[in-house]
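# Structural description and commentary
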Amino acid sequence: MNIQNPGDERDYVPIADHGLIGNLRTAALVSLDGSIESYCVPNFDSPSIFARILDKNKGGHFSITPTVPFSTKHNYLPSSNVLQTKFLNEKGVVSVTDFLPRLEDGESTHPLLFWLIRRVEVVRGTVPLRVECAPAFNYARDPHATQIVPDDTIPLQFSKQNKVVFTSRPAASPYLAKGTRPQSTNNPLTLDLRFLPESLLENVPVPEVSLQTLNLSAKGHLGLAAQAEFTLVEGQRVTFVLRIAPEHKGDGGSGVDEEQAKLLGVDYQKLMAGAHKMRSKDDPVMTSELLDHLFVSTNKYWNSWIRKSTYQGSWKEAVHRSALALKLLIYEPTGAIVASPTFSLPEYIGGTRNWDYRASWIRDSSFTLYALIRLGFTQEANAYMDFIFERLKNKNPDGSLQIMYTIHGGKDLEEIELLHLDGHKGSKPVRIGNGAADHVQLDIYGELMDCIYLGQKFGRPLSYDTWVLVRELVDFVVANYKKPDLSIWSVRVRQECFEAKCQCPYRREVRGKERHFTYSKIMLWVAIDRGLRLADKRSLPCPNRLQWLAARDDLYEEIMHKAWNKDMQVFGQSYEETDVLDSSVLIMPLVFFMTPSDARFVSTLKEILKTPERGGLTSNNLVYRYDVNKSDDGVGGEEGTFCLCTLWCVEALTRAGEYERPLLQRAVTMFEDFLLYLNHVGLCSEEISESGDALGNAVQGFTHVTLISAAYNLSRTLANQRSV
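Residues numbered from 1 in each chain as written. Predicted model: local features only at pLDDT ≥ 70, side-chain atom pairs only at ≥ 80, totals over all residues. Heavy atoms only, no water.

For the rest of this paragraph, the subject is the overall build of the chain. The helix and strand tally for the chain stands at 16 helices and 30 strands. A buried classification covers 62% of the 724 residues belonging to the chain. Across the chain, the fraction of contacts at a sequence separation of at least 24, relative to all contacts at a separation of at least 6, is 70%. Entry remark: accessible area of the chain is about 28,200 Å², with carbon and sulfur atoms responsible for 49%. (Helix = DSSP H or I, 4+ residues; strand = E, 2+ residues; numbered from the N terminus. Buried < 20%, exposed > 50% of the residue type's maximum accessible area, 1.4 Å probe, protein only. Contact = heavy atoms within 4.5 Å. Areas by Shrake-Rupley, 256 points an atom, 1.4 Å probe, with all protein chains shown as cover.)

Structure follows, in structure tokens:
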């Protein structure tokens with residue numbers, strides 16, 4: 001068992017050693033040792049207040065740990081996104097339950113409370129604990145003031161209790177003069193940290209907790225933190241709540257404590273209920289009953305949501321955990337879906353491939369909806385379709401779409417490098433925003449049209465006006481399918497560095513010229529094909545039907561001739577480089593471009609299954625995107641195997657295995673092996689290193705999407721084989 005000594009200097013926690021909690025507005029990473037490592041408020045793409053995972057000293061954290069040696073366990077409550085951390089010691093066991101509140105479905109009389117709740121309870125023996133709350137506002141760029149003040153939001157029996165108020169001071173940022181932050185100044189943000197101590201057993205006193213300030217300036221913090229040290233025994237609980245402080249102040253309470261209520265002959269609980277009603281609904285009195293209600297309603301929300309799943313196949317636990325993870329990536333106000341709730345986690349430790357994925361990629365979102373629709377979650381599909389159809393009303397002047405949008409539907413995703421942050425385990429630079437937003441990636445039209453087509457089968461039917469917008473999109477594809485692009489693996493470009501011949505240590509060359517990538521051509525074919533199918537199935541008017549048909553057929557023939565390498569017997573990465581293998585071509589049978597039994601596809605699949613040493617892309621049953629030594633993507637450095645590509649390979653093997661049984665068995669083996677790389681709570685990152693470590697942003701939506709799809713099709717194929 002891994003014993004941790006709190007006296008040791010804390011280093012970076014591996015990416016895989018985290019769980020994720022969220023409220024469909026934002027999300028927080030919780031480490032195995034009880035620290036909030038990444039948290040942006042109030043939204044996914046807001047500046048961080050905790051980013052310790054990107055700078056262990058000054059990134060900001062909210063930790064709860066024993067002060068004696070301990071081991072840890074991490075788990076989600078069943079069918080829920082409520083996370084529990086247990087610290088175990090010979091003398092005691094303490095449980096920390098973390099969640100961002102959600103209202104139970106149908107409970108619309110109360111507003112959603114944007115609180116981070118951490119419940120600390122000793123379930124056996126005695127445990128000494130230390131709490132540190134050290135926010136680092138605006139990606140650790142803004143200083144802040146810290147005050148300890150009386151808490152007017154708790155019942156009066158705790159009238160002498162204090163809370164900590166943190167107020168950012170963006171105008172005093174030391175980075176203003178260095179040109180490392182945006183021109184626009186952020187508004188000040190105020191947080192408060194409150195707590196509620198409780199006794200859950202008779203003859204057990206209420207624990208005593210006192211918050212004090214903590215100076216971490218020696219580690220680079222720009223304001224005082226808060227700390228508390230206390231000892232809990234069995235039956236004692238303390239709940240900590242961090243929130244954005246409301247601008248208004250409610251009434252401080254009833255003005256009467258429990259003893260005074262008895263003398264007056266008044267029921268204290270009814271009195272408190274009356275005081276509770278007097279306060280603003282987004283600033284209620286923080287009672288034990290309220291905290292219990294928030295915990296129960298949040299857990300019920302996740303339980304009732306996952307029960308709507310129609311999935312009955314094998315690997316159900318992994319599928320449902322993936323679905324719960326994907327739900328956490330949805331931004332409920334607009335229906336947008338983030339690719340990942342984290343930013344700038346490295347694809348290779350010490351490398352430069354560190355991107356911000358807190359935006360809504362058309363590609364990733366479309367695949368996400370495919371997975372959720374397969375499980376019966378059509379409400380999310382309809383919400384995202386509404387988000388996309390709004391974007392179709394505001395296309396670029398040439399009729400194109402951006403490859404990604406902000407979660408609010410905006411187009412501005414300026415990429416900035418935060419050179420003051422160390423990066424995870426020294427992986428620099430840390431980036432926010434995304435410079436690839438205006439890249440030409442023509443494949444997105446195929447993913448989007450496939451998603452719209454699937455949505456028509458299981459979601460809300462298209463209106464005529466929406467069909468006209470969709471039709472214009474297909475017309476754009478037909479007019480541009482001959483053009484090259486940067487395709488699915490496009491990297492971010494820092495044009496100004498290239499033009500200025502910048503010599504900074506993070507300089508990147510502009511990626512090689514646009515090419516005719518095979519993956520993009522396949523997805524362009526999909527876009528036209530799904531447009532034709534929609535028109536036919538719904539009898540929708542299609543004045544350019546003949547042009548669409550001609551373009552679809554021409555594109556198919558072009559791919560078969562120009563992407564095929566006769567000597568190697570494989571489909572290459574692009575028309576220009578057919579000798580370079582790329583696992584993205586595994587998509588062919590998955591989108592019904594080609595039958596999985598086609599000799600050309602099977603030959604390509606078997607070549608990809610070879611080890612890199614033998615010219616393939618598969619190592620230890622995990623698949624690389626491509627060989628970075630053969631395909632210059634303009635970034636340099638190494639990367640791990642791509643989880644997405646591994647799972648695409650599983651699904652390709654599954655479909656080919658219907659005709660060639662050994663390939664089906666290989667699919668089962670590869671999928672079972674992949675499940676071993678899920679972390680301790682069933683979550684996936686973007687990549688896996690040669691040593692089996694998680695790499696890239698976590699939690700990665702694309703990975704969970706393809707896990708669901710692979711499990712769905714593999715389970716169905718195996719069931720059909722048994723029935724034969």
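If pLDDT is low for a region, its predicted coordinates should not be looked at in detail. With 88% of its residues at a pLDDT of 70 or more, the chain has an overall mean of 89. Across residues 180-185, where pLDDT falls below 50, the model places 15 contacts with residues more than four positions away in sequence or in other chains. pLDDT under 50 marks residues 491-512. Its contacts with residues more than four places away, or in other chains, come to 46 contacts. (pLDDT = per-residue confidence, 0-100.)

To continue, consider helix α13 (residues 599-608). Those residues of α13 not exposed but buried are Phe601, Val602, Thr604, Leu605, Glu607 and Ile608. Sitting at the amino-terminal end of α13 is Asp598, which places a side-chain oxygen 2.8 Å from the backbone nitrogen of Arg600. (Polar contact = N/O pair within 3.5 Å; in protein donor to acceptor, adjacent residues only side chain to side chain.)

Moving on: the nonpolar core. Grouped together as the largest cluster of nonpolar side chains are 205 residues, with contacts concentrated most on Phe62, Leu193, Phe240, Leu605 and Phe671. Counting residues per element, this core draws most heavily on helix α11 (residues 518-538), at eleven residues. When neighbours within four sequence positions are excluded, Leu605 is seen to be in contact with Leu586, Cys649, Ala652, Leu653, Ala656 and Leu663. If you look at the next biggest cluster of nonpolar residues, it comprises 13 residues, including Leu77, Leu113, Trp115 and Leu291. (Core = buried A, V, L, I, M, F, W, Y, C linked by side-chain atoms within 4.5 Å.)

The next subject is the side chain of Gln161. In this fold, Gln161 is placed in the loop between β10 (144-150) and β11 (162-168). Note on Gln161: relative accessible area 9%, which makes it buried. There is a polar contact of 2.4 Å between the side chain of Gln161 and the backbone oxygen of Phe195. The residues touching Gln161, leaving out its near neighbours within four places in the chain, are Pro150, Asp151, Ile154, Phe195, Leu196 and Pro197.

With that out of the way, let us pick up the sheet that holds strand β30 (residues 694-695). Strand order across the open sheet formed by three strands is β28-β29-β30, with antiparallel pairing between neighbours. One side of each edge strand has no neighbouring strand; the edge strands of this open sheet are β28 (641-642) and β30. (Pairing = 2+ DSSP bridges.)

Before going further, it helps to spend a moment on the pairing of strand β12 (residues 190-199). The buried count for β12 comes to eight of ten residues, which makes it a mostly enclosed element. As judged from the four bridges shared by β11 and β12, these two strands associate in the antiparallel manner. Its bridge partner lying in β12, Val164 is registered against Leu193.

For the rest of this paragraph, the subject is the side chain of Thr406. Here Thr406 shows up in the loop between β21 (404-405) and β22 (416-418). A residue is classified by how much of its surface remains accessible, and Thr406, at 13% relative accessible area, is buried. Setting aside chain neighbours within four positions, we find Thr406 in contact with Asp45, Phe387, Asp412 and Leu413.

Before going further, it helps to spend a moment on the packing of helix α9 (residues 464-480) against helix α12 (residues 545-562). Remark: α9 packs on α12, axes separated minimally by 10 Å, with the N-to-C direction vectors making an angle of 45 degrees. When the axis of α9 is compared with that of α12, the two are oblique. In the packing of α9 onto α12, the handedness of the crossing is left-handed. When α9 is examined against α12, the residues Trp467, Arg471, Val474, Asp475 and Val478 are found in contact with a partner set consisting of Gln547, Trp548 and Ala551. Along the lines of polarity and charge, the residues of the contact of α9 with α12 split into five nonpolar, one polar and two charged. (Axes fitted to C-alpha atoms, helices over the stretch in contact; angles between N-to-C directions. Parallel < 35°, antiparallel > 145°, perpendicular 65-115°, else oblique. Left-handed = near helix turned anticlockwise from the far one by under 90°. Nonpolar A, V, L, I, M, F, W, Y, C, P; charged D, E, K, R; others polar.)

It is worth spelling out the pattern of salt bridges at this point. Following the criterion strictly, the structure yields 41 salt bridges and no others. With a closest N to O distance of 3.4 Å, Lys56 and Asp11 form a salt bridge. Placement of the pair is Lys56 in the loop between β4 (48-50) and β5 (61-66) and Asp11 in the segment before β1 (18-22), with a sequence separation of 45 residues. Asp11 sits in the partly exposed class, given a relative accessible area of 45%. (Salt bridge = Lys/Arg side-chain N within 4 Å of Asp/Glu carboxyl O.)

A separate point is unusual backbone geometry. Most peptide bonds take the trans form, and the phi angle of most residues other than glycine is negative. Between Val41 and the following residue, Pro42, the backbone shows a cis peptide bond with an omega angle of 5 degrees. Tracing the sequence through the fold places Pro42 in the loop between β3 (35-40) and β4. Residue Val699 follows Ala698 across a cis peptide bond; omega there is 0 degrees. Here Val699 is to be found in the loop between β30 and α16 (701-723). Of note in the backbone geometry, Ser539 takes a positive phi value of approximately 55 degrees without being a glycine. Along the chain, the position of Ser539 falls in the loop between α11 and α12.

Looking now at the pairing of strand β15 (residues 236-244). Of all nine residues making up β15, eight are buried, and the element is well covered by its neighbours. Two strands pair when backbone bridges link them, and strand β9 (residues 115-134) and β15 are joined in this way by seven bridges, in the antiparallel orientation. Considered in β15, the bridge of Glu121 is made with Arg237. Summarising the sheet, β12 and β15 pair through nine bridges and their orientation is antiparallel. Pairing of Arg194 across the sheet is with Val241, part of β15.

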